[in-house]
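So the chains spell out like this:
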Amino acid sequence: MVLNHSMAVPELLSKAELMKQGAEARVYRVQFLGKPAIVKERFPKRYRHPVLDEKLTHRRAVQEVRSILRCRRAGISAPVVYFVDYTSNCIFMEEILGSSTVRDYITSTQQSDSCQEQKLEQLAQRVGQVLAKMHDEDVIHGDLTTSNLLLRHGQEDKVSDLVLIDFGLSYISALPEDKGVDLYVLEKAFLSTHPNTEALFQKLLKSYTVSSKKSSAVIKKLDEVRLRGRKRSMVG
Amino acid sequence: MHLTQKLELFPDQRVTQTLFKEVKNAAELRQSAVEGKINGALINPTMLVDPFQVMVAANKAVHFQKTGKMKTRSLYSEIIFNLSPTNNISEAFKRFGISDADDSVMIVVVHDKNETQQDIAAKVDGRQVPVEDVSSLSDPAKIKKLYKITPQEEKCGTLLDAVVCRMATKDVM
């Protein structure tokens, strides 16, 4: 008989600082082997059938971890994974210190007056480049929003680093349709969170088009997907 | 000089790392380890970037031991296995365990918080040095090659980041 002592992680989390609770997971801040770390706990969902819940939860944790490594291998910043407990579906990863979300950056830049346009355009260009690189690696993020893009402030004058987080809905695909949908999700999230940024998002797409080797097919699909969306006229 | 750290997930346990240079009896040590006479993991320090790398391997090993999921037969062989980027156990020992010709060794012991393990140091014919010195023994070229680290990856993090990420995710890659 094997005794199952898999309570180590839940024990640690019961005393840890809860940072965020989402529909899918809870995020805690802990010290892990001497480093500040984040634990993403995908807790059981009781509204799901238990067998399906376990399969889905496990799959999402695996996908998250695979996509992170795949992005890092291509030179895209994503949190370093330190440890995964597959029994509790908890991922221990690097805490990105000294960062703010792109969402907050856009909001605060829009409120300040100095070089607003230039700063935002520069950001849009960089985001377009990073997403192009990610899609060229055939990684579909699955949940692109400005809250899942972090800017890690470098020392002094050094440019901040764009870090992608939250790969829970990510998967590998070469299909332009999947990449187009990925961009569509970002577009919807972007425009609904940041009013009057249509032109800015266009700059992002332009940067993506220039940076990605396979962009024309993707943008074509994006245009098609836009026509499919909710409240679209189904004429012709 | 040795470095003892705690495992947050297993608060009653500690991991102690001890580093030796100018080791003259590597063959004897390796033989003792193979015979199960050494209560510690004997690691080739040229494959180590930082003590954190060892801690990550030890943490995973203890976790798997407690949940009955170890892939190897003992906690110490599991630590060596966890350092490797592949799932081949004998390759892990070959690359990360010590060889007869080695002149340095990192010894890792997992123990209760109140115990200290000094007897292993007595078996080593070599000079003990601070564990932090391990970076001076690292062979970055060999490490990058074995872990298959891409040049782009080095731009978005340190060598330690790349190594640890692979160690942590190898079960699903």
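The rules behind each value
Residues numbered from 1 in each chain as written. Chains lettered and ligands numbered in written order. Predicted model: local features only at pLDDT ≥ 70, side-chain atom pairs only at ≥ 80, totals over all residues. Heavy atoms only, no water. Helix = DSSP H or I, 4+ residues; strand = E, 2+ residues; numbered from the N terminus. Buried < 20%, exposed > 50% of the residue type's maximum accessible area, 1.4 Å probe, protein only. Contact = heavy atoms within 4.5 Å. Areas by Shrake-Rupley, 256 points an atom, 1.4 Å probe, with all protein chains shown as cover. Lys, Arg positive; Asp, Glu negative; His and termini not counted. Charge placed at Lys NZ, Arg CZ, Asp CG, Glu CD. Pairing = 2+ DSSP bridges. Axes fitted to C-alpha atoms, helices over the stretch in contact; angles between N-to-C directions. pLDDT = per-residue confidence, 0-100. Expected span 1.5 Å × (residues − 1). Arc of directions from axis to C-beta. Buried area = accessible area lost by both parts, 1.4 Å probe. Salt bridge = Lys/Arg side-chain N within 4 Å of Asp/Glu carboxyl O. Polar contact = N/O pair within 3.5 Å; in protein donor to acceptor, adjacent residues only side chain to side chain. Nonpolar A, V, L, I, M, F, W, Y, C, P; charged D, E, K, R; others polar. Phe/Tyr/Trp six-rings, centres within 6.5 Å; stacked < 30°, edge-to-face > 60°. Lys NZ or Arg CZ within 6 Å of the ring centre and 35° of its normal.

A short note on the overall build of chain A
Link 1 in the chain: Secondary structure summary: chain A contains seven helices and ten strands in total.
Link 2 in the chain: Overall size of chain A, expressed as C-alpha extent along the three principal axes, is 65 × 50 × 30 Å.
Link 3 in the chain: Looking at the 236 residues of chain A, the share that counts as buried comes to 47%.
Link 4 in the chain: Counting only contacts in chain A whose residues sit at least 6 apart along the sequence, the fraction spanning at least 24 positions is 62%.
Link 5 in the chain: If you sum the accessible surface of chain A, you get close to 12,400 Å²; carbon and sulfur atoms cover 53% of it.
Link 6 in the chain: Positive and negative side-chain charges in chain A, numbering 36 and 29 respectively, have mean positions lying 4 Å apart.

A look at the sheet that holds strand 4 (residues 81-85) of chain A
Link 1 in the chain: On the basis of which strands lie adjacent, the open sheet formed by five strands has the order 1-2-3-5-4 (chain A) and antiparallel pairing. Each edge of the sheet is formed by a strand with only one pairing partner; in this case those strands are strand 1 (17-21) and strand 4 of chain A. For this sheet the average axis-to-axis angle between neighbouring strands, irrespective of direction, equals 25°.
Link 2 in the chain: Contacting strand 3 (35-41) and strand 4 of chain A, helix 8 (residues 159-169) of chain B runs over the sheet at an angle of about 10° to strand 4 of chain A.

Re the confidence of the model for chain B
Link 1 in the chain: Residues of chain B with pLDDT of at least 70 account for 98%, and the chain-wide mean is 92.
Link 2 in the chain: Among the prediction metrics, the complex's ipTM stands at 0.94, with pTM recorded as 0.92.

Considering helix 6 (residues 198-211) of chain A
Residue and element names in this part refer to chain A.
Link 1 in the chain: Taking 1.5 Å of rise per residue, the 14 residues of helix 6 would be expected to cover 20 Å, and the 20 Å separating its terminal C-alpha atoms lies within 8% of that figure.
Link 2 in the chain: Residues Leu200, Phe201, Leu204, Leu205, Ser207 and Tyr208 constitute the buried set of helix 6. Down the axis of helix 6, the smallest arc covering the buried residues is 160°, so these residues share one side. Across helix 6 from its buried face, at more than 90 degrees, point the exposed residues Ala199, Lys206 and Val210.
Link 3 in the chain: Residues of helix 6 that are buried in the fold lie against helix 4 (116-136), helix 5 (176-193) and helix 7 (215-228).

Things to note about the interface of chain B and chain A
Link 1 in the chain: The interface is formed by 31 residues belonging to chain B together with 33 residues belonging to chain A.
Link 2 in the chain: Summing both partners gives a buried area of about 2,800 Å² for chain B against chain A, and 67% of it is carried by carbon and sulfur.
Link 3 in the chain: On the surface where chain B and chain A come into contact, there are zero salt bridges.
Link 4 in the chain: At the boundary of chain B with chain A, the tally comes to three residue pairs in polar contact (both at pLDDT 80 or more).
Link 5 in the chain: The set of elements that each furnish at least two residues to the side of chain B that touches chain A consists of strand 1 (3-7), helix 2 (51-66) and helix 8 of chain B.
Link 6 in the chain: The residue makeup of the side of chain B that touches chain A, split by class, is 13 nonpolar, nine polar and nine charged.

A closer look at unusual backbone geometry
Residues and elements named next belong to chain A.
Link 1 in the chain: We note that aspartate 166 has phi near 65°; this positive angle belongs to a residue other than glycine.
Link 2 in the chain: Relative to the helices and strands, aspartate 166 resides in the loop between strand 9 (161-164) and strand 10 (171-172).
Link 3 in the chain: Aspartate 166 gets classed as partly exposed once you look at its relative accessible area, which sits at 27%.

Considering the packing of aromatic side chains
Link 1 in the chain: Counted by the stated rule, this structure contains seven aromatic pairs over all chains.
Link 2 in the chain: With 6.0 Å between their ring centres and 75° between their planes, B:Phe96 and B:Tyr147 make a pair best called edge-to-face. Placement of B:Phe96 in helix 4 (residues 89-96) and of B:Tyr147 in helix 7 (residues 140-147) is noted, with a sequence separation of 51 residues between them. Side by side, B:Phe96 and B:Tyr147 carry an identical accessibility label, which is buried.
Link 3 in the chain: An aromatic cluster of three or more residues is present, and its members are A:Phe32, A:Tyr82, A:Phe83, A:Phe92 and B:Phe52.
Link 4 in the chain: Above the ring of B:Phe52, the side-chain terminus of A:Lys35 is found at 4.5 Å from the ring centroid.
Link 5 in the chain: Over the ring of A:Phe43 we find A:Lys45, and its NZ or CZ is 4.4 Å from the ring centre.

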